[in-house]
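Chain residues, written in single-letter form:
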Amino acid sequence: MPLTPQATPTTYWLEHAWLGAHVEPGVTVEVADGRITAVRPGTPTPPPGAEALYGLTLPGLANAHSHAFHRALRGTVQVGAGTFWTWREVMYDVADRLTPDSYYALARAAYAEMALAGITCVGEFHYLHHAPGGTRYDDPNAMGRALLAAAADAGIRITLLDTAYLSAGFGDPPSRHQLRFSDGTADAWAERADALKGGEHAKIGAAVHSVRAVPAGELGTVAAWAERRRAPLHVHLSEQTAENDACRAAHGRTPAQLLAEHGVLGPRTTAVHATHLTDGDIALLGGSGTGVCMCPTTERDLADGIGPAAALQEQGSPLSLGSDSHAVIDLLEEARAMELNERLRTRTRGHWTAAALLRAATADGHAALGWDDAGALATGALADLTTIALDSVRTAGPPPRLGGETAVFAATAADVRHTLVGGRWTVRDGRHTGVPDVPTALADAIAAVRG
């Protein structure tokens, strides 16, 4: 189901619309060439010929941090005990089995699941570049192109964050598993990434896997590549205390300080996780305008800890949300968990309004991925829409004017009724229009790569 804009002008009637700060009943949205051309409140009933979207319609949700192949780990890595580092060994085993064809099938199914959850754009943090052992495919970007094709055929947008991953740790060469991640040098990474092209549904960005995986002397090359292209740049930051300790031992400074010294931080950069930061790190990120992507369902699944999201935002860092390892795929749960985690940490309530949490899941998530023209129900914006039922067993009862609070604090991905991308149906009445049986697609794709 290749993603193409709606060819002819279409009118949608929104029973209730989220307009950024409040719920507006009876809104007509006109769409042409994949963009919103008019937003007309005060329409109590559907105009003749309009498609009616019953429930609460939001801008499409942006999943700012994904590793598509981690979807194959769901359920299996919850057996027994362990740490992030033992989880990583299971992840490597799955990575070793992927080919361009099996990666396409798995990513297409995972992205279709995202569409069912109301996600219209994904940031794919992509480091699985080569064949096992590091052998280059005939097309050095075969794996990246598989992801681009998977997103198109699942009917969602993608920012492919092509990731530099060069070492196992500070001064250590890549491990056996990591050889397929590495291009050898940042210059070689940049040469390969140069050959990737975006399109109607896709943008190409960059990523530094982490300060342990890209030597300090190579960080500037990745940052300069992104700067030349005005492209998004993402980086895993301080997810584990062990990384902080190793960075201090190697460089005498924190990972955030090291990134700042090498020009990685800034308004087009998003730090992912940022769980274990000093007060100085928080000031560095906020003062530079660096965004932060929180992934609460993964951070709790891996026992990473609770990051200082509120303090980061107070210092100036925009917040976005991601499903990361896909323990669940539910951006509403990510938004809810960010607030509830902060409540557990501080034993006080109400750190973010529903409007602020929805902004993280929509406009700020899209901005982190380079889609500044998405994430709002506004004239000129991309016509990416998500409709949430207000009459399910989870959402029934509250008045529609509290639809934002209902969406964030009661609804789940199961309550998504429709997803439109570029004015085109990707999910209609809870069914994916291009992948009719998403559970079977997931089961078959996962079986192909499990040991």
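Everything below is about the structure shown above.
Quick look at the structure, then. Given the structure is predicted, the values throughout are model-derived calculations rather than measurements. (Residues numbered from 1 in each chain as written. Predicted model: local features only at pLDDT ≥ 70, side-chain atom pairs only at ≥ 80, totals over all residues. Heavy atoms only, no water.)

1. Re the overall build of the protein
Going by this rule: The numbering of helices and of strands both runs from the N terminus, where a helix is a DSSP run of H or I of at least 4 residues and a strand a run of E of at least 2. C-alpha atoms define the radius of gyration in this analysis, and the globule rule sets the expected value at 2.2 Å times the number of residues to the power 0.38. Throughout, exposure labels follow a simple rule: accessible area from a 1.4 Å probe, protein chains only, divided by the maximum for the residue type, with under 20% read as buried, over 50% as exposed, and the rest as partly exposed. By the convention used here, residues are in contact when the closest approach between their heavy atoms is within 4.5 Å. Surface accessibility in these figures is a Shrake-Rupley result with a 1.4 Å probe; residues are shielded only by whichever protein chains are displayed. Neither His nor the chain termini are counted; the positive set is Lys and Arg, and the negative set is Asp and Glu. For the purpose of locating charges, the reference atoms are NZ of Lys, CZ of Arg, CG of Asp and CD of Glu.
Of the regular secondary structure elements, the protein holds 15 helices and 16 strands. Scaling as 2.2 N^0.38, a compact globule of 451 residues should have a C-alpha radius of gyration of about 22 Å, and the protein matches this with 21 Å. Each of the three principal axes of the protein carries a C-alpha extent, and together these read 65 × 50 × 45 Å. By residue count, 59% of the 451 residues in the protein fall in the buried class. For the protein, the proportion of contacts with a sequence separation of at least 24, taken over those separated by at least 6, is 75%. Counting every atom, the protein has about 16200 Å² of accessible surface; 53% of that belongs to carbon and sulfur. Side-chain charges in the protein split into 36 positive and 49 negative, and the spacing between the mean points of these groups amounts to 1 Å.

2. A few points about the packing of helix α4 (residues 186–194) against helix α5 (residues 216–229)
Threshold: Only the contacting stretch of a helix is used when fitting its axis, a line to C-alpha atoms as for every element, and angles between N-to-C directions run 0 to 180 degrees. Each angle gets one of four labels, with under 35 degrees taken as roughly parallel, over 145 as roughly antiparallel, 65 to 115 as roughly perpendicular, and the rest as oblique. Put simply, a crossing is left-handed when the front helix is turned counterclockwise from the back one by less than a right angle, and right-handed when it is turned clockwise.
Between α4 and α5, the least distance of the axes is 9 Å, while the angle of their chain directions is 25°. As the angle between them shows, α4 and α5 are arranged roughly parallel. Considering only the axes of α4 and α5, their crossing is right-handed. Where α4 abuts α5, its residues Ala 186, Asp 187, Trp 189, Ala 190, Ala 193 and Asp 194 lie against Glu 218, Thr 221, Val 222, Trp 225 and Arg 229.

3. Some points on helix α8 (residues 279–288)
Where we set the bar: Picture the helix axis, draw a direction to every C-beta atom, and the arc is the one those directions span.
Three or more residues of α8 are buried, namely Asp 281, Ile 282, Leu 285 and Gly 286. For α8, the angular spread of the buried residues around the axis is 125°, confining them to a single face. Away from its buried face by more than 90 degrees, α8 exposes Asp 279 and Gly 287. Taken together, the buried residues of α8 touch β9 (233–237), α7 (255–261), β10 (269–273), β11 (291–294) and α10 (309–315). Downstream of α8 by a residue or two, Gly 289 has a phi angle that is positive, lying close to 75°.

4. So, unusual backbone geometry
For Ser 238, which is not a glycine, the phi torsion comes out positive at approximately 50°. When you line up the elements, Ser 238 lands in the loop between β9 and α6 (241–251). For Ser 238, a relative accessible area of 0% puts it in the buried group. In this structure, Asp 429 is a non-glycine residue whose phi angle is positive, near 55°. For Asp 429, the location among the structural elements is in the loop between β15 (424–428) and β16 (431–432). On the basis of relative accessible area, Asp 429 is assigned to the exposed category, the value being 58%.

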